[in-house]
Amino acid sequence: MKVIKITALWCSSCLIMNNRWNEILKERNIETINLDYDFDDIEKYNVGDILPVFIFLKDDKEIKRLVGEHSLKELKNVMGEVS
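This part covers the overall build of the chain. For the chain, the count of helices and strands is 3 helices and 4 strands. Against the globule reference of 12 Å for 83 residues, the chain gives a C-alpha radius of gyration of 12 Å, in line with a compact fold. Projected onto the principal axes, the alpha-carbon positions of the chain cover approximately 30 × 30 × 15 Å. Within the span of the chain, comprising 83 residues, buried residues form 39% of the whole. For the chain, the exposed surface amounts to about 5300 Å²; the carbon and sulfur share of it is 46%. Considering the chain, the positive charge centre built from 12 side chains and the negative charge centre built from 15 side chains are found 7 Å apart.

Next up, the structure:
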């Protein structure tokens, strides 16, 4: 599974989610791509105005998308769904 993480340095929700997301990453072996500055990929994945965005891919196909701030419990639930 691959997770694309779309954040921005100025985004307070992104900073909060980074701490939660890093805790999840400690528990699992997941590839994360950070697209802070790659505007072509942001358009490719149809990212809206609300950040952060987490796109879960399996075999390069999107299987789940989280937008905005979520609790650590919600993140763990989603990880259980997509694994």
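Packing of helix 1 (residues 12–27) against helix 3 (residues 72–82) brings their axes to within 10 Å, and their N-to-C directions diverge by 40°. The pairing of helix 1 with helix 3 is recorded here as oblique in orientation. By crossing handedness, the relation of helix 1 to helix 3 is classed as right-handed. Note on element contacts: helix 3 touches helix 1 through L72, L75, K76 and M79, opposite M17, R20, W21, E23, I24 and E27.

The residue S13 is located in helix 1 in this model. Side chain to side chain, S13 and E69 meet in a polar contact 2.9 Å long. Once residues lying within four places of it in the same chain are set aside, the contact partners of S13 are L51, P52 and E69.

With an omega dihedral of -5°, the bond running from L51 to P52 counts as a cis peptide bond. Within the fold, P52 resides in the loop between helix 2 (39–44) and strand 3 (53–58). Phi at N46 takes a positive value of approximately 55°, unusual for a residue other than glycine. Take N46: its relative accessible area is 63%, and that puts it in the exposed class. One non-glycine residue with positive phi stands out, namely D59, at about 55°.

Criteria and cut-off values
Residues numbered from 1 in each chain as written. Predicted model: local features only at pLDDT ≥ 70, side-chain atom pairs only at ≥ 80, totals over all residues. Heavy atoms only, no water. Helix = DSSP H or I, 4+ residues; strand = E, 2+ residues; numbered from the N terminus. Rg over C-alpha atoms; globule rule 2.2 N^0.38 Å. Buried < 20%, exposed > 50% of the residue type's maximum accessible area, 1.4 Å probe, protein only. Areas by Shrake-Rupley, 256 points an atom, 1.4 Å probe, with all protein chains shown as cover. Lys, Arg positive; Asp, Glu negative; His and termini not counted. Charge placed at Lys NZ, Arg CZ, Asp CG, Glu CD. Axes fitted to C-alpha atoms, helices over the stretch in contact; angles between N-to-C directions. Parallel < 35°, antiparallel > 145°, perpendicular 65-115°, else oblique. Left-handed = near helix turned anticlockwise from the far one by under 90°. Contact = heavy atoms within 4.5 Å. Polar contact = N/O pair within 3.5 Å; in protein donor to acceptor, adjacent residues only side chain to side chain.

Keep in mind these values describe shape, not function.
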